[in-house]
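# Structural description and commentary
One-letter residues, chain by chain:
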Amino acid sequence: NNKWDIKGLINFQNSQIYTSYYPIDIRTQNTRLSFKNNQLSLNNTLVKVGESDCILSGILTVNNHPKPNEPKVEGTLHALADYINYNELKETLYYSEAVQKEFKNSNMLNYQQHELNRILENAKKSSVKEKAFFIPKGLELDINLNINNMSYEEVALEQVNGEVFIKDQKVYTNLSTRSNLGEIALKALYDSKSKENINIKFDLDLKNILITQIHNTIPTVRTLFPMIQSMDGLIDCHLTVSSQLDNQMFPIISTTEAACSLSGNNLTLFDNEVYRNIADKLLFKNKNKNNIDHLSTNIILKNDVIEVIPFQIQWDRYEAVAGGTHTTDQKFNYHISLLKRPISPIDFGVNLSGTIDDLHYKIVK
């Protein structure tokens, strides 16, 4: 009420929070909370959520909204964390639905601690389905992140720095980090304004990335360039994607548009049937040394078709230009033109067609 002028300061050493909407151990320490009317100020409050910890500072303001039950919350926060377990936080969000069914209309405070533990353990064992994440209306936050260590899926991240901005049910991120994969820079826009059309746009820059990790961690790259599954070594990758998301937070391939650049030196091709067929047909000098000296390519995905822009490749005694198309269901149509070849003075190339498990080769002009 604007007729009142309310201000004060609250200090407490420890607190513990229980809620069935986010059923995980939440504790705060050394909380210094000052308020003035509709504004709250946090000063270096330590928040522990499960295995994650974070020191929060900043200002939050609650403003009147045209709809009384939809107040507008805006502010700036600085989050300094030693460790964030993203996997645990995401899992908790998903199994909260099972916990809410258990409590129904009862208050969590009516339960003994051992009963709470039992309910949480049962919820964790229940089948957890990923679901779309919607940003609430009336939330406008500018969050500065500085995280020493973070677990994200199968990736261990170090020194996650950057900014997260939330407005109009959208989230914009600009982050940089080091990982067990390599160096990563990410810009992304997550838009949940329309529940029927949740979409994401992101620009991902990866430096000195282990190929054997990238195709497991970022399936989009595997779809764009299936050959990467048969390779090992370090590459640089720049990936730009725009896609609609399904209810499980996965890209809908038919709506996905992407552009990808890959480059690397001294890459190893796994000894498999595809490699042996190529080595036999092209009479490799050293069939046991399956190294690619240099690889640099650009790839475009649109309308379920992936176009590999013709690129130069150095392999054994050959230099070649390769390019073509394949579909998202992995049907190939490629052409390789040999620029440097030891076995023939006549210009020729190789057509590749079929699937990854049933490739067909044909010598052509």
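Our structure is the block above this text.
Residues numbered from 1 in each chain as written. Predicted model: local features only at pLDDT ≥ 70, side-chain atom pairs only at ≥ 80, totals over all residues. Heavy atoms only, no water.

### Considerations on the overall build of the protein chain
Within the protein chain, the secondary structure is distributed over 5 helices and 19 strands. Across the 365 residues in the protein chain, those meeting the buried criterion constitute 35%. For the protein chain, the computed accessible surface area is about 21,200 Å², with 51% contributed by carbon and sulfur atoms. (Helix = DSSP H or I, 4+ residues; strand = E, 2+ residues; numbered from the N terminus. Buried < 20%, exposed > 50% of the residue type's maximum accessible area, 1.4 Å probe, protein only. Areas by Shrake-Rupley, 256 points an atom, 1.4 Å probe, with all protein chains shown as cover.)

### Digging into unusual backbone geometry
One non-glycine residue, N37, lies in the positive phi region at around 55°. Counting through the fold element by element, N37 comes out in the loop between β2 (26-36) and β3 (39-49).

### Remarks on the pairing of strand β9 (residues 183-191)
Pairing analysis gives 9 bridges linking strand β8 (residues 170-179) to β9, with the strands arranged antiparallel. Paired with T173 across the bridge in β9 is A188. The turn joining β8 and β9, which pair antiparallel and follow one another in sequence, is formed by 3 residues; a positive phi near 155° is taken by G182. In this structure, β9 lies alongside strand β10 (residues 199-210), joined through 9 bridges in antiparallel fashion. Its bridge partner being in β10, L189 is matched across the sheet by K201. (Pairing = 2+ DSSP bridges.)

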